[in-house]
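Here's the letter readout for the chains.
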Amino acid sequence: MILRKIHAGSCRSWLSRPSFRQELCCFSSSVPPQPVPPLAQTLQAYLKALEPLLPPEEISHTRRMVQEFGRPGGLGAKLQEGLEKRARHTKNWIAPWWVQWAYLESRQPLPVHSNPAISLPRRDYNGWRSQLVFASKLIAAVLDFKAKISTGHLPVEHMRGKPLCMELYPLLFSSCRIPGPKHDYIAHHGRSRRSPTHITVVRNYQFFQLEVYNSDGSRMTESQIHSQLLRIRSQSWKTDKEPMGILTSEHRHTWGEAYNRLLRDKLNKESVRLIESGLFALCLDSPVMRISDEKYASRKAAQVLHGGGTFSNSGNRWFDKTLQFVVGEDGSWGLLYEQATAEGPPIATLLHHILDYCEKPDPKRAPLVPLPMPKKLYFHIDREIKRDIEHAKQNLDILINDLDVNVFNFKKFGKDLPKRHKLSPNSFIQVALQLAYYRVHNEVCAACGIISQRMFRGGRTEYIRSPTNQTLKFILAFDDPSVSREAKVQLFREAVDAFSALTDQALKGQGIENHLLGLKLQAIEEGMSIPKIFMDTAYGLATHWKLRTGQVPANTDSVMCFGPLVPDGYAICYNPQADHVHFSITAFNCCEETHAETLAVTLKDTLCHLQELLEPTV
């Protein structure tokens, strides 16, 4: 019952506003409900997914356990019945549980572990004047996107000819994650009768409330916003202020306790509420430290992801905020987002709109009306809060120093190569990742690829498991000189097609991860002990995701970046373009076995070998 109560409590208030409810309704009414897959199908697929990872004797033990769970009239059938009933009486049977389990109950810090960053190509400027001009344009672009949502002019997106649920879009603005002792919740402030009309601007660790609408309700023009950003800059010179934003980088339980201490003071409470309720945050960063051009892309992505440390720009973040745009003085820029509200695809659409908007000239001249001074947000920092900040600074620097980030642009080929051979580019890359991992570690590992479920009402994401049996066969044959090139090509095709088949299944709502999670949580909901198949060592191994992967295809040369899910794992994001692919690889330095640069070098080499396999030069 706990999960259901939490979700209802965190969402009830914003659903109660009629206009907001209608807005959400029109965004989701054209898509079908998410199906509950058949139990036997999921259990069979689960056993198949274990085969490349486990020795035969362990598979036999797990198979007996799974058969017992799935027998007619058994525990699995009872839980399946509960899920099907839940699906009939809720908008989406798994999404609230998924958000709660994957995000809100996690106690790990949001930077690195949870919040993804998107780093975009460096803008052609260097200096604070151009920084503020571009920041003004960016703010205007985001407000233009918000207006499209509010007026119903945002086109419904489609995937494979089918409409996608659009209900996450209105929730992107004026949203914030709130820390709690055992779980967090999301506050959506866009629901109130008087919706927020301000954004939060952060510079030199100091926070400002910037109104972005005129008194008549019209959006401020770029030149108006620019004049306000100049005022903010002139007010934010004192760098001896405590970096309050660092507190949001803490372990969630620690931050939850500090949050309660902070809000005891009326001034602090007002400042925090203004940050939380703002439409979004804009972080005006000092330059990323220039090193070699080769490493600049990695440094730039890390800067957006965590701010670069407490001596750099980490104090210019409020990690709980759903949307934070980062604009550096050196032309670096990007977006950091808290994904309990929304995952990558809506963010990619927003960025595409921003990039289009930034190509156009400023459409309006500024009206000659005096503007109110941006409001500086003050905090009363007592001894306890000062101590909380010092601890947070130490912990964040430890986390940042532990993260190895390697970003590179693979230029030999892009998605056109697999397409020429009638292979899915995404599946091609997934098999390449497994092969590269095997070459570094001499084993295959449990990997999860993230796929959207927005083709269903209220859908969020699903994991696609790899490797498959076909991938393992191909990997074992690839470096074997006794296997012919033709045989290797055939095995490679089978591996790529097998991953594509899993993708198709997931897009039909027939993936296994959400279903297995639902069965486990249904048992908890009904007050039962957790079923044995979820306590089995095989399940633990199969969900110890050493490869966390994500494709965010975008029409621009952007790259996403986030940290690994497990201490001895990697996170790999990729954005395939026609003739090149952007990659980011992260690993933790504390693990002696993993090394981001080694995997990056091996992956480049592996991709070249796959090109040679498909298109031999001799």
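The structure we're discussing is the one just above.
Residues numbered from 1 in each chain as written. Predicted model: local features only at pLDDT ≥ 70, side-chain atom pairs only at ≥ 80, totals over all residues. Heavy atoms only, no water.

1. Regarding the overall build of the chain
Consideration 1: Counting secondary structure elements, the chain contains 20 helices and 18 strands.
Consideration 2: For the chain, the residues scored as buried account for 59% of the 618 residues in total.
Consideration 3: Restricting the contact set of the chain to residue pairs at least 6 apart, pairs at least 24 apart contribute 76%.
Consideration 4: For the chain, the accessible area works out to roughly 26000 Å², and carbon and sulfur atoms hold 54% of it. (Helix = DSSP H or I, 4+ residues; strand = E, 2+ residues; numbered from the N terminus. Buried < 20%, exposed > 50% of the residue type's maximum accessible area, 1.4 Å probe, protein only. Contact = heavy atoms within 4.5 Å. Areas by Shrake-Rupley, 256 points an atom, 1.4 Å probe, with all protein chains shown as cover.)

2. Digging into the sheet that holds strand β7 (residues 206-211)
Consideration 1: Pairing is mixed in the open sheet, where eight strands are placed in the order β11-β7-β6-β8-β9-β10-β1-β16. Only two strands of the sheet have a single neighbouring strand rather than two, namely β11 (375-376) and β16 (559-561).
Consideration 2: The pairing of strand β6 (residues 198-203) with β7 spans six bridges and is antiparallel. Residue pairing across strands places Ile199 opposite Leu210, the latter belonging to β7.
Consideration 3: In the packing of helix α12 (residues 344-358) onto the sheet, contacts are made with β1 (117-120), β9 (323-328) and β10 (333-337), and the angle to β10 comes to roughly 150°. (Pairing = 2+ DSSP bridges. Axes fitted to C-alpha atoms, helices over the stretch in contact; angles between N-to-C directions.)

3. A closer look at a nonpolar patch on the surface
Consideration 1: A cluster of nonpolar residues, Ile524, Ile530 and Met535, forms a patch on the protein surface that exposes about 270 Å² of accessible area.
Consideration 2: By the secondary structure assignment, Ile524 is in helix α18 (residues 513-525).
Consideration 3: When its relative accessible area of 40% is taken as the criterion, Ile524 is described as partly exposed. (Patch = residues over 30% accessible without salt bridge, like charges linked within 9 Å, V, L, I, M, F, W, Y side chains within 5 Å. Salt bridge = Lys/Arg side-chain N within 4 Å of Asp/Glu carboxyl O.)

4. Remarks on helix α3 (residues 39-50)
Consideration 1: With twelve residues, α3 ought to run about 16 Å at 1.5 Å a step, and its terminal C-alpha atoms sit 17 Å apart, in line with that.
Consideration 2: For α3, the complete set of buried residues consists of Leu39, Thr42, Leu43, Tyr46, Leu47, Ala49 and Leu50. When α3 is viewed along its axis, its buried side chains cluster within an angular range of 160° and face the same direction. Opposite the buried face of α3, at more than 90 degrees from it, the exposed residues are Ala40, Gln44 and Lys48.
Consideration 3: Here the buried face of α3 lies against α4 (56-70), α5 (75-89), β14 (461-466), α18 and α19 (537-542). (Expected span 1.5 Å × (residues − 1). Arc of directions from axis to C-beta.)

5. Thoughts on the sheet that holds strand β12 (residues 403-410)
Consideration 1: On the basis of which strands lie adjacent, the open sheet formed by six strands has the order β12-β18-β17-β15-β13-β14 and mixed pairing. The open sheet is flanked by β12 and β14, the only strands paired with a single partner. Adjacent strand axes in the sheet meet at a mean angle of 20°, parallel and antiparallel pairs treated alike.
Consideration 2: Of the pairings in the sheet, the one linking strand β15 (residues 547-551) to strand β17 (residues 570-576) comprises five bridges and is parallel in character. In the strand pairing of β17, Gln551 is matched with Tyr574.
Consideration 3: Helix α13 (residues 383-402) rests against β12 and β18 (581-588) of the sheet, and its axis sits at about 45° to β12.

6. Side note on the environment of Ala301
Consideration 1: Along the chain, the position of Ala301 falls in helix α11 (residues 293-306).
Consideration 2: Ala301 gets classed as buried once you look at its relative accessible area, which sits at 1%.
Consideration 3: Taking the C-alpha atoms as reference, Ala301 lies 7.5 Å from Val407; in sequence the two are 106 residues apart.

7. Observations concerning the nonpolar core
Consideration 1: One finds Phe428, Phe474, Phe492, Phe583, Ile585, Leu603 and Leu610 to be the most contacted residues of the largest nonpolar core, which totals 79 residues.
Consideration 2: Counting residues in each nonpolar core, the second largest holds 55 residues, with Leu132, Ala140, Leu229 and Leu350 among its members. (Core = buried A, V, L, I, M, F, W, Y, C linked by side-chain atoms within 4.5 Å.)

8. Some remarks on the pairing of β18
Consideration 1: With respect to burial, β18 is a largely interior element, eight of its eight residues being buried.
Consideration 2: Residue alternation in β18 divides its side chains into two sets, Val581, Phe583, Ile585 and Ala587 and His582, Ser584, Thr586 and Phe588, and both sets are buried.
Consideration 3: Sheet analysis places β12 next to β18, joined by eight bridges and oriented antiparallel. If you follow Phe408 over to β18, its bridge partner there is Phe583.
Consideration 4: With seven bridges connecting them, β17 and β18 associate as antiparallel partners. Its bridge partner being in β18, Asn575 is matched across the sheet by His582.
Consideration 5: In this structure, the hairpin formed by β17 and β18 is closed by a connection of four residues.

9. Details of the packing of aromatic side chains
Aromatic rings considered in pairs are described by the distance between their centres and by the relative angle of their planes.
Consideration 1: On inspection of all chains with the given rule, the structure shows 23 aromatic pairs.
Consideration 2: Judged by centre distance (5.9 Å) and plane angle (85°), the rings of Phe413 and Phe428 are edge-to-face. A residue pair is termed long-range when its members are at least 10 positions apart, and Phe413 in the loop between β12 and α14 (416-420) and Phe428 in helix α15 (residues 425-441) qualify at 15 residues.
Consideration 3: Owing to a relative accessible area of 7%, Phe413 belongs among the buried residues under this scheme.
Consideration 4: Relative to Phe492, the ring of Phe474 lies with its centre 5.0 Å away and its plane at 40°, an arrangement referred to as tilted. Placement of Phe474 in helix α16 (residues 469-478) and of Phe492 in helix α17 (residues 485-507) is noted, with a sequence separation of 18 residues between them. Phe492 shares its class with Phe474; the two are buried.
Consideration 5: Geometry around Trp97 places Arg86 over its ring, the cationic atom sitting 3.7 Å from the centre.
Consideration 6: Its guanidinium or amino end placed over the ring of Trp128, Arg233 lies 4.0 Å from that ring's centre, counting from NZ or CZ. (Phe/Tyr/Trp six-rings, centres within 6.5 Å; stacked < 30°, edge-to-face > 60°. Lys NZ or Arg CZ within 6 Å of the ring centre and 35° of its normal.)

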